[in-house]
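Here's the letter readout for the chains.
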Amino acid sequence: MRESRVKARVTLCKGFDGEEALHNTDYKNMPQALKIQNLRKQYDNGFQALKGIDLSVEEGDFYALLGPNGAGKSTSIGIISSLVRKTSGKVSIFGHDIDTDLVRAKRMLGVVPQEFNFNQFEKVEDIIVTQAGYYGIPAKEARQRSEKYLKQLGLWDKRHNVSRMLSGGMKRRLMIVRALIHQPRLLILDEPTAGVDIELRRSLWDFLRDINGQGTTIILTTHYLEEAEQLCRNIGIIDSGKIVENTSTKALLGKLQQESFVLDLKKPIEYLPTFAGYTVKMLDNRSIEVEVGKHQGVNDLFRQLSECRIEVASMRNKSNRLEELFVNLTSDASATDASGADSSGQTKGSAAEKGEAHGE
Amino acid sequence: MSEWKYNLVAFNTIFSKEIRRFMRIWPQTLLPPAITMSLYFVIFGAVIGSRVGEMGGFDYMTFVVPGLVMMAVITNSFSNVASSFFSNKFQKSVEELLVSPVPNWVILAGYTMGGVVRGLYVGVLVMLLGAFFVELQVHHILITLLAVFLTATLFALGGFINAVFARKFDDVAIIPTFVLTPLTYLGGVFYSVDVLPEPFRSISLLNPILYQVNAFRYGILGQDSGISTGWAFVVMVLAIVIMATWALHLLRVGKGLRN
């Protein structure tokens, strides 16, 4: 899988730049797409947005950076894209340090911010061609490139429209096209599907999977944990300016000890029987909630339901599996943060710091 | 592609975007100065000017036309960059530039030249309108062009710095209202400093706009107003170097742009 991604990347690079030299590249020693070391940010008002985060994202990865509001996600993205000045620490993009080699680092990077940040009075095509020009791509070539992405994202018919006339979903897609026009190797999306309908969200997922399949490394932040679970191979969770978890999606979900399911019943029940080995509660006379342990399975539950002549019409997760973990992890970190803070405001050794070490 | 080619494309992109902007909104950018200057020509030239008599060796209308052209160039080159860059800041579209690999000097050059072209555009427009009222003959074409180009560059840089510091739309109007307008009105647009008594004449010599207006007037009318044209160019070049250095410093530290 990984090898095929790297191969795809090479094909992509050859196609764009004709860099035959990439044929002989030692991929194992290639620099990481993103490497963050001990990154700290303290704003002028004294607020510490980042408290020394370490993070690395491999080339070709699809990585989710999750965290509650104010956790430090946007500050991290701001620093990577040079819109926010870091207090200390190191950031490099494909081996290009943003302190010493910022121009090359920027050429590797495409950013889709959370807020609309294009000129609302310009036409769609002009916005894209202008952005391409900032990366040294002449207008003619930019128009050719933009056609491909505009068609893929369903904006081709709107290319001559003034951008403020677009719907919210279209504006978000416009920002994705704009970020891709210089064909970056690392694409960072800050809440790319916020406020878009389900159908469009699914089509954006397909699009992102497609460009990731072609070799573009993707980092996204999202509030939709289902999105992270569906799309991303690796997940980092940031809370109160610290990385509290950084692992594969599979490993993270493996930490889930139990899941809650809601069972909708075909016929109403008068009372709730006892089920051996399961904690069950009645939500109403047509639905029950069951907690199922990690190694328990549901076969035995269904056998017992059958014995009680209770027929199940449908079954669903009570909440997103990742959501449960997320809430646990971030609430743990907050609690640790509060109890670990000494009088000088410094945090003591904590689970959160172990999480940072894990992240590195 | 070499670095300078990247930069050339980036410069052209910013520059043409700026031209496109002021051409798109011509009723806000080109029409008002044309109307205002036409009124100046009618009031100061035809109505009041006929009672003033001669000024600096010319009839008042002939004297005032170069001054009004420069006034239009100064205000338009300044306001073009100030409003465009601030508008990009306000809409956050400036972030498109800040995340890109465009060097700061290219950003500054692109916006400044956009302002210069707007200033020159309006300058030519006012000059053509002036031709309806007086017969103008350019005596020193090189001095005229150099004076108007350096002036437009200087004030476009000023507009950029104003936009960097501005936090709200009102801030964009502060410098034009409280600094530019008084300096322009007292900078020899409507009168020759020779008619001023001391100490006002000496105080006027501290006004940099006086040198620009007089250098331009000398280029058009060909008569020395007592202010050295060479000295005027030295003042302009020095001022441009200082303003450009300041603007680049502000971009480097990210004043009002980076958090």
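Residues numbered from 1 in each chain as written. Chains lettered and ligands numbered in written order. Predicted model: local features only at pLDDT ≥ 70, side-chain atom pairs only at ≥ 80, totals over all residues.

A.B. asks: An account of the overall build of chain B is needed here, citing residue identities and associated values.
C.D. replies: Each helix and strand in chain B was counted, giving 11 helices and two strands. The N-to-C order of helical and strand elements in chain B reads α-α-α-β-β-α-α-α-α-α-α-α-α. Relative to the compact-globule value of 18 Å for 259 residues, chain B shows a C-alpha radius of gyration of 19 Å, a close match. Summarising its shape, the C-alpha atoms of chain B cover approximately 60 × 35 × 35 Å along the three principal directions. For chain B, the proportion of contacts with a sequence separation of at least 24, taken over those separated by at least 6, is 84%. (Helix = DSSP H or I, 4+ residues; strand = E, 2+ residues; numbered from the N terminus. Rg over C-alpha atoms; globule rule 2.2 N^0.38 Å. Contact = placed C-beta atoms within 7 Å.)

A.B. asks: With reference to specific residues and values, describe the overall build of chain A.
C.D. replies: Helix and strand content of chain A: 12 helices and 14 strands. Taking all 360 residues of chain A together, 40% fall into the buried category. In chain A, of all internal contacts separated by at least 6 residues, the share reaching a separation of at least 24 is 68%. (Buried ≥ 20, exposed ≤ 12 C-beta atoms within 10 Å, placed from the backbone.)

A.B. asks: Report on unusual backbone geometry, specifying residues and quantitative values.
C.D. replies: The phi torsion at E191 of chain A lies on the positive side, around 50 degrees, for a residue other than glycine. Topologically, E191 of chain A is positioned in the loop between β7 (186-190) and α7 (198-213). Overall, the presence of 19 C-beta atoms within 10 Å leaves E191 of chain A in the partly exposed class. The backbone of K92 of chain B shows a phi angle near 70 degrees, a positive value even though the residue is not glycine. Tracing the backbone through its elements, the reader meets K92 of chain B in the loop between α4 (60-90) and α5 (94-98). Its 16 C-beta neighbours within 10 Å are what place K92 of chain B among the partly exposed residues.

A.B. asks: Tell me about the sheet that holds strand β3 (residues 62-66) of chain A, and please be specific about residues and values.
C.D. replies: All names here are of chain A. Across the sheet, which stays open at both edges, the six strands sit in the order β6-β7-β8-β3-β9-β10 with mixed pairing between neighbours. The open sheet has two free edges, formed respectively by β6 (109-112) and β10 (242-248), since each of these has just one partner strand. Each strand axis lies, on average, 15 degrees off the axis of its neighbour in the sheet, ignoring direction. Sitting on the sheet, helix α2 (residues 73-80) touches β3, β6, β7, β8 (217-221) and β9 (234-239), and the angle it makes with β7 is about 145 degrees. (Pairing = 2+ DSSP bridges. Axes fitted to C-alpha atoms, helices over the stretch in contact; angles between N-to-C directions.)

A.B. asks: Outline the confidence of the model for chain A, supporting the account with residue identities and numerical values.
C.D. replies: Residue and element names in this part refer to chain A. Across chain A, pLDDT averages 79, with 79% of residues at or above 70. Per-residue pLDDT, averaged within each element of chain A, yields its smallest value for helix α12 (residues 351-359) (30) and its largest for helix α4 (residues 124-134) (95). In this model residues 1-27 is a low-confidence stretch, pLDDT under 50, and it forms 21 contacts with partners more than four residues away in sequence or in other chains. (pLDDT = per-residue confidence, 0-100.)

A.B. asks: Residue-level account of helix α11 (residues 229-253) of chain B, with values.
C.D. replies: Residues and elements named next belong to chain B. Here α11 is 25 residues long and its end C-alpha atoms lie 36 Å apart, about the 36 Å a rise of 1.5 Å per residue gives. Turning to α11, its buried residues are T229, A232, M236, A239, M243 and A247. Looking at the buried positions of α11, the neighbouring elements they touch are α6 (104-130), α7 (141-165) and α10 (208-221). Phi turns positive one or two residues past the end of α11, at G254, with a value near 75 degrees. (Expected span 1.5 Å × (residues − 1).)

A.B. asks: Please give an account of the interface of chain A and chain B that cites residues and values.
C.D. replies: Every contact between the two is made by 24 residues of chain A and, on the other side, 23 residues of chain B. Mapped onto the side of chain A that touches chain B, the elements with two or more residues apiece are α3 (102-107) and α4 of chain A. In terms of residue count, the dominant contributor to the side of chain A that touches chain B is α4 of chain A (four residues). Class assignment for the residues of the side of chain A that touches chain B results in 10 nonpolar, 10 polar and four charged. (Nonpolar A, V, L, I, M, F, W, Y, C, P; charged D, E, K, R; others polar.)

A.B. asks: How would you summarise the packing of α4 of chain A against helix α5 (residues 139-152) of chain A if you had to cite specific residues and measurements?
C.D. replies: All names here are of chain A. The geometry of α4 relative to α5 is characterised by a closest axis approach of 9 Å and an angle of 125 degrees between their N-to-C directions. Considered as vectors, α4 and α5 are oriented oblique to each other. Classified by chirality, the crossing of α5 by α4 is right-handed. From α4, E125, I128, V129, A132 and G133 reach across to α5, where they touch A139, A142, R143, R145 and S146. A class-by-class count of the residues in the contact of α4 with α5 yields five nonpolar, two polar and three charged. (Parallel < 35°, antiparallel > 145°, perpendicular 65-115°, else oblique. Left-handed = near helix turned anticlockwise from the far one by under 90°.)

A.B. asks: Quick rundown of the nonpolar core? Include the residues and the values.
C.D. replies: One finds L34, V177, L186 and I188 of chain A together with L68 and F160 of chain B to be the most contacted residues of the largest nonpolar core, which totals 144 residues. Of all the elements, α4 of chain B adds the most residues to this core, at 16 residues. Each residue touching L186 of chain A, except ones within four places of it in the same chain, is listed here: A33, L34, I93, F94, M108, L109 and T217 of chain A. Grouped together as the second largest cluster of nonpolar side chains are five residues, I288, V290, L301 and L305 of chain A included. (Core = buried A, V, L, I, M, F, W, Y, C linked by C-beta atoms within 7 Å.)

A.B. asks: Outline the environment of I141 of chain B, supporting the account with residue identities and numerical values.
C.D. replies: Following the sequence through the fold, I141 of chain B ends up in helix α7. Each C-alpha atom of the pair I141 of chain B and I220 of chain B lies 7.5 Å from the other, and the pair is 79 residues apart in sequence.

A.B. asks: An account of the packing of α7 of chain B against α11 of chain B is needed here, citing residue identities and associated values.
C.D. replies: Each packed pair of helices is defined by two parameters, the angle between the axes and the distance between the axes. All names here are of chain B. Close contact between α7 and α11 brings their axes to 9 Å; oriented N to C, the two are set at 25 degrees. As the angle between them shows, α7 and α11 are arranged roughly parallel. Handedness of the crossing formed by α7 with α11: left-handed. On α11, the residues touching I143, L146, L150, T151, T153, L154, L157, G158, F160, I161 and V164 of α7 are T229, F233, M236, V237, A239, I240, M243, A244, W246, A247 and L250. Grouping the amino acids of the contact of α7 with α11 by side-chain chemistry returns 18 nonpolar, four polar and no charged.

A.B. asks: Please set out the sheet that holds strand β1 (residues 34-42) of chain A residue by residue, giving values where relevant.
C.D. replies: One open sheet holds the four strands; their spatial order is β2-β1-β4-β5 (chain A), and the pairing between them is antiparallel. Of all strands in the sheet, those bounded by a partner on one side alone are β2 (48-57) and β5 (96-97) of chain A.

A.B. asks: A description of the confidence of the model for chain B should follow, citing residues and the corresponding values.
C.D. replies: Residues and elements named next belong to chain B. With 98% of its residues at a pLDDT of 70 or more, chain B has an overall mean of 89. When pLDDT is averaged over each element of chain B, α7 comes out on top at 95 and strand β1 (residues 54-55) at the bottom at 76. We note a pTM of 0.79 for the whole complex and an ipTM of 0.87 for its interfaces.

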